[in-house]
Structures are given as structure tokens and as C-alpha cells.
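Structural description and commentary
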Amino acid sequence: TSPSTPLALILSAGASQRMGRPKALLPWKTATVIEAHIHAYVAAGYRVRIVLGSQRDLIQPYTRGAEVVVNENWAVTEMRHSALLG
């Protein structure tokens, strides 16, 4: 991909406290939500960048095909900080 390829940014740094587990890993057809998003964006011609934070060790194995950025301060920052980091 080239720098002129459009970028899809997926924010997945939050703790998902109310859900009790990472929303990104919920099942979606034969994959997880995050895998389905990556596949759809790549198929549409986008570069994909994902911002991880909480539970990144669980989510990262499902991010093949995407660039991963980590918000190390996810617990004390807001979603906009993850967006700017991405």
C-alpha cells in the first residue's frame, strides 16, 4: 500500500468494563468483530490501523493485516487521545 491509500482507524483501547470482555473479540460469523472489520476495510482498499490499550495481549493475535499502535495510557486518557495517536 502507498501513503495515498485511505486509512481506516479502529479504536480498541478501552477496557470494555460493562461487557466484561473485549468487544473486539466477540464472535462475528466465522471470525471475531475485529477480524471482520479488518477484512472488510482491506477488501475495500483501505490501510488499517488499530489502536490497542487494555487487554492488548488478547486482541493483538487477531489483528493480522493491520498496523497496531498501542495507547500505553489508555486507563487515564479519553477516546480522542487514542484517535489522535492513531
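Because the structure is predicted, anything quoted here is derived from the model rather than measured.

1. Structural notes on unusual backbone geometry
The backbone of Ser16 sits at a positive phi, close to 50 degrees, despite the residue not being glycine. The topology assignment puts Ser16 in the loop between strand S1 (7-12) and strand S2 (27-28). For Lys29, which is not glycine, the phi torsion reads 55 degrees and is therefore positive. The residue Lys29 is located in the loop between S2 and strand S3 (31-32) in this model. Lys29 sits in the exposed class, given a relative accessible area of 76%.

2. Quick look at a nonpolar patch on the surface
A cluster of nonpolar side chains, namely Leu9, Leu11 and Met79, defines an oily patch on the protein surface of about 280 Å² accessible area. In this structure, Leu11 sits in strand S1.

3. Here's the deal with the side chain of Ser54
Looking at the element boundaries, Ser54 is found in the loop between strand S4 (47-52) and helix H2 (56-59). Here Ser54 is in contact with Ala13, Gly14, Ala15, Ile59 and Trp74, once residues within four sequence places are set aside.

4. A few points about the sheet that holds strand S5 (residues 67-70)
Pairing in this open sheet of three strands is parallel, and the strands run S1-S4-S5 from one edge to the other. Each edge of the sheet is formed by a strand with only one pairing partner; in this case those strands are S1 and S5. Ignoring which end each strand starts from, the neighbouring axes of this sheet average 25 degrees apart. The pairing of S1 with S4 spans six bridges and is classified as parallel. Residue pairing in the sheet places Ile10 in a bridge with Ile50 of S4. Most of the contacts of helix H1 (residues 33-43) go to S1, to which it runs at about 170 degrees, and overall it touches S1 and S4.

So, how was this worked out
Each chain has its residues counted from 1, running along the sequence as written. For a predicted model such as this one, the threshold for reporting local features is a pLDDT of at least 70, and the threshold for listing and counting side-chain atom pairs is 80 or more; totals across whole chains, interfaces and linings nevertheless cover every residue. In computing side-chain values, all of the structure's heavy atoms are included and hydrogens and water are not. The helix and strand labels rest on DSSP assignments: H or I over at least four residues marks a helix, E over at least two residues marks a strand, and numbering proceeds from the N terminus. Note on classification: 1.4 Å probe, protein chains only; a residue is buried when its accessible area is under 20% of the maximum for its type, exposed when over 50%, partly exposed between these limits. Patches in this entry comprise residues that are over 30% relatively accessible and not in a salt bridge; like charges within 9 Å are linked, as are nonpolar side chains (Val, Leu, Ile, Met, Phe, Trp, Tyr) within 5 Å. What sets the accessible areas is the Shrake-Rupley method with a 1.4 Å probe; for residues, cover comes only from the shown protein chains. Criterion for a salt bridge: a side-chain nitrogen of Lys or Arg within 4 Å of a carboxyl oxygen of Asp or Glu. For this analysis, residues touch if any pair of their heavy atoms sits within 4.5 Å. Being paired, for any two strands, means DSSP has found at least two bridges between them. A fitted line through C-alpha atoms represents every axis, and for helices the fit uses only the stretch in contact; the resulting angles, taken between N-to-C directions, go from 0 to 180 degrees.

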